[in-house]
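Listed here are the chains, written in short residue letters.
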Amino acid sequence: MKKNSKIKVFIMLAFIAFILISCSSSGEEDPTPISTNYDISAILLKFDNPGVISYSVSGNTVTFTTTNLPNHKSPYWGVGHVNYEAYNGTNSAWNQNPGSIEAQNITFTIPLKPAEAQNKSATPMGPIGISRNGVVFFNQYAAGGASLTGEIDSFDQYLGHPAMTTYHYHIRPKYLTDTFGEDSFLGLLSDGFPVYGSMENGETVTNVDLDDYHGHTHATSDFPNGIYHYHITNEDPYLNGNGFFGTAGTITR
């Protein structure tokens, strides 16, 4: 091949390579890979309700102990209690249930480095997670596995109520979202994965945005490298879907 022809071929190949590189770098960049080596140590300091909740880390687990007393007012404290407040919410069908708020002794042992479970398990009745103020989360069912439709009418102005003497949240914990924001970190389920509110990146999260377990995986303000996390939405099933995404820890009471 003549020298001039070789030069022309070289120039043409170089030009094609330039075009390919330019095209691949234009438009949206490839998303940053999401790590699956999760570690929830970064959010433990957000659990803060002195005298109610405490935690300790040992190896790959974190143990929470809570008396489960909410740091907000409620009619369920009973008349005469310093935190008693008559119902002043927006539900015209509100009807107080016969329960009351009393101290509990509930312990969660939760994975510090949660991972997706190969075999998913259903959430139990009773506590399934813990909010950042020490109040426990229950799942999306009323007693006997019934819908929450009727039970919602007994939720106080902060959208919690007691089962006998165990106060809990099934849906959005209004005191926490009022205090920290609708997009804030709200707590953990017992599999170690975090729970966030109903807003994300300035938009309302709905059920169609989430998987069967009521979560999804991407970066959050607390976990810039990404993590699987649940959202509490404003529609059934509210907090959790078909069970835990990860392997649940242990809960004793």
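Attention here is on the structure that accompanies the text.

Rules used throughout
Residues numbered from 1 in each chain as written. Predicted model: local features only at pLDDT ≥ 70, side-chain atom pairs only at ≥ 80, totals over all residues. Heavy atoms only, no water. Helix = DSSP H or I, 4+ residues; strand = E, 2+ residues; numbered from the N terminus. Buried < 20%, exposed > 50% of the residue type's maximum accessible area, 1.4 Å probe, protein only. Contact = heavy atoms within 4.5 Å. Areas by Shrake-Rupley, 256 points an atom, 1.4 Å probe, with all protein chains shown as cover. Pairing = 2+ DSSP bridges. Axes fitted to C-alpha atoms, helices over the stretch in contact; angles between N-to-C directions. Phe/Tyr/Trp six-rings, centres within 6.5 Å; stacked < 30°, edge-to-face > 60°. Lys NZ or Arg CZ within 6 Å of the ring centre and 35° of its normal. Polar contact = N/O pair within 3.5 Å; in protein donor to acceptor, adjacent residues only side chain to side chain.

1. Re the overall build of the chain
A tally of helices and strands in the chain yields 2 helices and 16 strands. Looking at the chain residue by residue over its 253 residues, the buried ones come to 43%. Looking at the chain alone, contacts between residues at least 24 apart form 64% of all its contacts between residues at least 6 apart. On the chain, roughly 13200 Å² of surface is accessible, and the fraction owed to carbon and sulfur atoms is 54%.

2. Section: the sheet that holds strand β2 (residues 61-66)
Strand order in the open sheet formed by 4 strands is β1-β2-β3-β16, and the pairing between neighbours is antiparallel. The open sheet is flanked by β1 (53-58) and β16 (250-252), the only strands paired with a single partner. Taken pair by pair, the neighbouring strands of this sheet meet at an average axis angle of 15°, ignoring direction. Examined bridge by bridge, β2 and strand β3 (residues 106-111) share 6 bridges and lie antiparallel to one another.

3. Observations concerning the packing of aromatic side chains
Enumeration according to the criterion identifies 14 aromatic pairs in this entry. Relative to Tyr 230, the ring of Tyr 228 has its centre 5.5 Å away and its plane inclined at 90°; by these criteria the two rings are edge-to-face. The ring of Phe 245 carries the charged tip of Lys 120 above its face, separated from the ring centre by 5.3 Å. Here the guanidinium or amino end of Arg 132 rests over the ring plane of Phe 180, the centre of that ring lying 3.6 Å away.

4. Concerning the side chain of Ser 184
Positionally, Ser 184 belongs in the loop between α2 (174-180) and β9 (185-189). Only 2.6 Å separates the side chain of Ser 184 from the backbone oxygen of Gly 181, close enough to count as a polar contact. Aside from chain neighbours lying at most four places away, what touches Ser 184 is Leu 176, Val 195, Tyr 196 and Gly 197.

5. As for the pairing of strand β8 (residues 166-169)
Here β8 shows no split at all, with Thr 166 and His 168 on one side and Tyr 167 and Tyr 169 on the other all buried. Judged from the 4 bridges that link them, strand β7 (residues 160-163) and β8 form a sheet pairing that is antiparallel. Residue pairing across strands places Gly 160 opposite Tyr 169, the latter belonging to β8. The turn joining β7 and β8, which pair antiparallel and follow one another in sequence, is formed by 2 residues; a positive phi near 60° is taken by Met 164.

Purely geometric numbers; function is a separate question.
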